[in-house]
Amino acid sequence: LLGLLQEQTERMSRMTKVLLEMSELRSVPCEDDVELGPLSEEVLTDLAPLAEHKDIALNCSGCALVIGSDTLLYRLVFNLVENAIRYSRPGSTVNVSIRDNDSHVFLRVEDQGPGIPKQYREPFFRLDKSRSRAYGGAGLGLALVWEIATLHGGTAEVESSSENGTVMLVALPKRTAAQSDR
């Protein structure tokens with residue numbers, strides 16, 4: 001009983017922390033030049049112990065410059081990669097790729113997990129509440145990703161999902177030459 005109470009208290013504490021983070025997002029300045037490649041590499045380094053524990057390889061490719069909050073964008077990438085690791089099959093790979101075009105930067109996080117059914121692809125839903133408890137999350141990680149992307153003028157969505165894995169896509173406005181001259 002004590003163990004169950006401790007688990008519930010820890011989960012409520014994590015959820016409260018995420019909700020507080022979400023309520024404070026609008027007050028964070030989003031005017032820094034942020035290189036997504038090095039930021040993503042930092043996230044992979046920070047999550048390497050979790051990946052190693054599950055025998056999951058982490059890969060990152062590409063780089064692009066965006067305007068935003070380094071702290072918030074770190075949290076966005078962290079949440080996506082952490083989810084990908086938690087739900088991937090042992091012995092698989094999580095890939096982070098960064099590409100751009102004339103107007104946007106595209107960050108993709110691809111896992112090799114069981115996929116997400118269509119009815120659970122909204123930011124505030126989780127596939128299976130009993131499964132989420134087993135993975136230690138509060139259930140708001142994707143909601144926070146969605147809020148951070150929106151705050152940066154971008155979007156976050158499930159690009160594709162099947163029994164072979166899921167690709168999460170974040171599209172952010174690209175830093176332009178005119179913005180660089182400021």
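Owing to the predicted nature of the structure, the values given are computational and were not obtained by experimental measurement.

Take the nonpolar core next. Counting 37 residues, the largest nonpolar core has L36, L76, L80, V81, L107 and V170 as the members making the most contacts within it. Broken down by element, this core gets its largest block of residues, ten residues, from helix α3 (residues 70–87).

Two elements in contact, α3 and helix α5 (residues 141–151), have axes whose closest approach is 9 Å; the angle formed by their N-to-C orientations is 145°. With respect to the hand of their crossing, α3 and α5 are arranged in left-handed fashion. Residues L72, L73, R75, L76, N79, L80 and N83 of α3 pack against G141, L142, L144, V145, I148, A149 and L151 of α5. Of the residues contributing to the contact of α3 with α5, the split by class is ten nonpolar, three polar and one charged.

With 18 residues, helix α2 (residues 36–53) extends 26 Å between its outermost C-alpha atoms, agreeing within 8% with the 26 Å of an ideal straight helix rising 1.5 Å per residue. A maximum bend of about 55° is found in α2 at L47, where proline P49 lies one to four positions downstream. The complete set of buried residues in α2 reads L36, G37, L39, S40, V43, L44, L47, A48 and A51.

Here the focus is the sheet that holds strand β4 (residues 93–100). Strands sit in the order β2-β4-β5-β7-β6 across an open sheet of five strands; the sheet is mixed. Taken across any chain shown, the strands that pair with only one partner, and hence form the sheet edges, are β2 (57–61) and β6 (155–162). On average, adjacent strands in this sheet sit at an angle of 15° to one another, irrespective of strand direction. On the sheet, α2 packs against β2, β4, β5 (104–110) and β7 (165–173) and is oriented at approximately 180° with respect to β2.

Chain-level statistics for the protein give a pLDDT mean of 83 and a share of 77% at 70 or above. Note that residues 127–136 has pLDDT below 50 and, in this model, 14 contacts with residues that lie over four places away or in other chains.

Our next topic: the environment of F78. Checked against the element boundaries, F78 lands in helix α3. With 32 residues separating them in the primary sequence, F78 and D46 have C-alpha atoms 8.7 Å apart. In this view, F78 contacts V43 and L47; residues no more than four positions away in its chain are not counted.

The rules behind the values
Residues numbered from 1 in each chain as written. Predicted model: local features only at pLDDT ≥ 70, side-chain atom pairs only at ≥ 80, totals over all residues. Heavy atoms only, no water. Core = buried A, V, L, I, M, F, W, Y, C linked by side-chain atoms within 4.5 Å. Buried < 20%, exposed > 50% of the residue type's maximum accessible area, 1.4 Å probe, protein only. Helix = DSSP H or I, 4+ residues; strand = E, 2+ residues; numbered from the N terminus. Axes fitted to C-alpha atoms, helices over the stretch in contact; angles between N-to-C directions. Left-handed = near helix turned anticlockwise from the far one by under 90°. Contact = heavy atoms within 4.5 Å. Nonpolar A, V, L, I, M, F, W, Y, C, P; charged D, E, K, R; others polar. Expected span 1.5 Å × (residues − 1). Bend = angle between axes of the 7 residues up to and from the residue. Pairing = 2+ DSSP bridges. pLDDT = per-residue confidence, 0-100.

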